Amino acid sequence: ALPILKLPQLAWVQNLRGKDVKNGALIAIDYRTGRILAYVGSANYYGTANDPKFQPKYDVLADGWRQPGSAMKPINYITGIESRTLTAASMFMDVSTDFGGKYVPLNSDKLERGPLRLRQALMMSLNIPAVKSAIEMGPDNVFAMAKRFGLSFQSQENIAGSSIALGTLEVHPTELVSAYGTIANGGVLVPRTTISHDKSISPSISGQS
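About the thresholds
Residues numbered from 1 in each chain as written. Predicted model: local features only at pLDDT ≥ 70, side-chain atom pairs only at ≥ 80, totals over all residues. Heavy atoms only, no water. Helix = DSSP H or I, 4+ residues; strand = E, 2+ residues; numbered from the N terminus. Buried < 20%, exposed > 50% of the residue type's maximum accessible area, 1.4 Å probe, protein only. Contact = heavy atoms within 4.5 Å. Core = buried A, V, L, I, M, F, W, Y, C linked by side-chain atoms within 4.5 Å. Pairing = 2+ DSSP bridges. Polar contact = N/O pair within 3.5 Å; in protein donor to acceptor, adjacent residues only side chain to side chain.

Chemist: Sorry, what's going on with the overall build of the protein here?
Modeler: Helix and strand counts for the protein stand at seven helices and four strands. Mapped from its N terminus to its C terminus, the protein presents α and β elements in the order α-β-β-α-α-β-β-α-α-α-α. Its C-alpha atoms put the protein at 70 × 40 × 35 Å along the principal axes. The buried share of the protein, taken over its 209 residues, is 35%. Long-range pairs, those at least 24 residues apart, make up 58% of the contacts in the protein between residues at least 6 apart in sequence.

Chemist: Which parts of the structure should I look at to understand the nonpolar core?
Modeler: Soluble globular proteins: nonpolar side chains tend toward being buried together. With 29 residues, the main nonpolar core has Met72, Ile75, Ala146, Leu151, Phe153, Ile164 and Leu169 as its most contacted residues. Breaking this core down by element, the ones donating at least two residues are helix H3 (73-82), helix H4 (118-123), helix H5 (127-137), helix H6 (139-148) and helix H7 (173-184). If we skip the residues at most four places from it in the chain, phenylalanine 153 touches Trp65, Met72, Phe143, Ala146, Lys147, Leu169, Glu170 and Val171.

Chemist: Even after reading the chapter, I still don't get the pairing of strand E1 (residues 26-29), so can you show me in this structure?
Modeler: Looking along a regular strand, one sees the side chains alternate between the two faces of the sheet. Alternating positions in E1 separate cleanly, Ile27 and Ile29 being buried on one face and Leu26 and Ala28 remaining unburied on the opposite face. The sheet contact formed by E1 and strand E2 (residues 36-40) spans four bridges and is antiparallel. The residue of E2 that forms the bridge with isoleucine 27 is tyrosine 39. Hairpin connection of E1 to E2: six residues between the antiparallel strands, including glycine 34 at a positive phi of 80°.

Chemist: Just checking my understanding: could you explain the environment of asparagine 23 for this structure?
Modeler: Assignment of secondary structure puts asparagine 23 in the loop between helix H1 (11-14) and E1. Its relative accessible area of 23% is what places asparagine 23 among the partly exposed residues. Through-space distance from the C-alpha of asparagine 23 to that of isoleucine 4 is 19 Å; in sequence the pair is 19 residues apart. Those residues in contact with asparagine 23 that lie beyond four places of it in its chain are Ser42, Ala43, Lys53, Phe54, Gln55 and Val60. Polar side-chain contacts of asparagine 23 include one of 3.3 Å to the side chain of serine 42. A polar side-chain atom of asparagine 23 sits 2.9 Å from the main-chain amide nitrogen of alanine 43.

Just geometry here; none of it tells us what the structure is for.
Quick look at the structure:
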């Protein structure tokens, strides 16, 4: 499909092949105004109901619950920075650790890097420092911060414990996009809207110019 659309052969697209990824969705917003610029809730709205590939007429973005994964890490670290528990220079030991109950999260590349700064942990999206920071700050505080960013969850309590730092609690993708818009907007959460507030556009009245 990429050659047909005259798009470059992006490596990350090619990496999805053979991984049983079929459906897709996209939302783009202006984080300053909350205006939704593009919205595609499923890969094939006109598909048949028994099509296992696309979930036609199902809005993955607003109705679906999906794990944000590493997309939760910035909110996790912001929790510590705002409370002045952490700074971008805070030191973590990126080494395999049993956090109790045989919970031993590993980094995606299975490597350990020893001592490093928070900024490095975030840049490399490392799992072990993220969990350690969540424990230091209190996982429930991360949960509360996520709700301040506009995220809602299926449970009113943090049932994920420290693994919330790795995005194990499902959220709506629309809300996750708005949460990132809040980061870009200096901490101001702007509600999403599909209504244009451009006063320069005057609606015409039938029969009149």
